[in-house]
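For reference, the chains in residue letters:
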Amino acid sequence: MQRRKFIQFALAVPVATLLGTKVVAMVRHYPLADLLQQLKRYPADKLINHGDWPVSQILQHLAQSVRYSRLGYPEHKSTLFHYTAGSIAFNAFAASGSMHHALNEPIPGAPSLVNKVPNDVALAELIQELEIFIAWQGDLAAHFAYGHLTKQQYYTAHYLHIQDHLKQISLS
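Definitions and limits used
- The residue numbers shown here count from 1 along each chain, following its written sequence.
- It should be noted that, the model being predicted, local features are given only for residues of pLDDT at least 70 and side-chain atom pairs only at 80 or more, the latter also being counted only at that level, while totals for whole chains, interfaces and linings use all residues.
- Side-chain figures throughout are based on the complete set of non-hydrogen atoms in the structure, without hydrogens or water.
- Here a salt bridge means any side-chain nitrogen of Lys or Arg lying within 4 Å of a carboxyl oxygen belonging to Asp or Glu.
- Only runs of H or I of at least four residues qualify as helices and only runs of E of at least two qualify as strands under DSSP, and these elements are numbered from the N terminus.
- For the exposure calls, accessible area comes from a 1.4 Å probe over protein chains only, and a residue counts as buried if that area is under 20% of its type's maximum, exposed if over 50%, partly exposed in between.
- The nonpolar core is taken to be a set of buried Ala, Val, Leu, Ile, Met, Phe, Trp, Tyr and Cys residues, with the residues joined through side-chain atoms within 4.5 Å.
- We call two residues in contact when some of their heavy atoms are within 4.5 Å.
- To pair, rings of Phe, Tyr and Trp, with the six-membered ring standing in for Trp, must have centres within 6.5 Å; the planes then decide the type, stacked if under 30 degrees apart, edge-to-face if over 60, and tilted in the middle.
- The predictor reports its confidence for every residue as pLDDT, a score running from 0 up to 100.

A short note on the pattern of salt bridges
- Summed over the entire model, instances satisfying the criterion amount to five salt bridges.
- The shortest N-O distance in the salt bridge between E125 and R67 comes to 3.2 Å. On the criterion of sequence distance, the pair formed by E125 in helix α5 (residues 119-135) and R67 in helix α3 (residues 55-71) is long-range, its members being 58 residues apart.
- For E125, a relative accessible area of 24% corresponds to the partly exposed category.
- Across the pair E129 and R70 runs a salt bridge whose closest N-O atoms are separated by 2.7 Å. With E129 in helix α5 and R70 in helix α3, this pair connects stretches of sequence that are 59 residues apart.

Structure representation (structure tokens):
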């Protein structure tokens, strides 16, 4: 292969891969309203954790994330990060249909999660935040890692984030 064609190919493959991932991410559907209905059926008093955080703190963390998508995240990664690693990560998660992240990392700059909140109160907070978000017609805040997202992209981000954390919770 000629050197010029090799260089063109070497540059084209990553670009095509990224564009393909973005296209797949855009056509997948993430039923956040269905997930909300599932959460409403959870028996809060029977939930147990399998991770570093108690169930209540997991639910509080998820509620924070949904709330910040409307009101603004306390801290952000750089704009360069949003357009590079953040965008790549979001599109890869959306295209694959699952998110994998450190499940014991708080949202940067968020207040500490409260240790003594009962599960039913934390679950009710998450449900309320999801209901408010789904009905929200106003502007959305930039995500701390992914940057500016559309409402549909936030549906994807919240759905995948919640699903990733729900792997840590089961019924007793």
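Focus on the nonpolar core
- Counting residues in each nonpolar core, the largest one holds 41 residues, and the members touching the most others are L32, L126, L130, Y146 and I162.
- Broken down by secondary-structure element, the contributors of at least two residues to this core are α2 (32-40), α3, α4 (79-96), α5 and α6 (151-166).
- Excluding anything up to four places from it in sequence, I162 contacts L32, L35, L62, L126 and L130.

As for the packing of aromatic side chains
- Enumeration over the complete set of coordinates arrives at six aromatic pairs.
- The interplanar angle of 50 degrees and the centroid separation of 5.5 Å between the aromatic rings of Y30 and Y159 together place this pair among those described as tilted. Remark: Y159 occurs in helix α6 and Y30 occurs in the loop between α1 (3-27) and α2; sequence separation between them is 129 residues. Taken as a pair, Y30 and Y159 share a single burial class, namely buried.
- Following the ring pairs from residue to residue traces out a cluster consisting of Y68, Y73 and F144.

Describing the confidence of the model for the protein
- Across the protein, pLDDT averages 88, with 84% of residues at or above 70.
- Segment residues 15-25: pLDDT under 50, and ten contacts once partners within four positions in sequence are set aside and those in other chains are kept.

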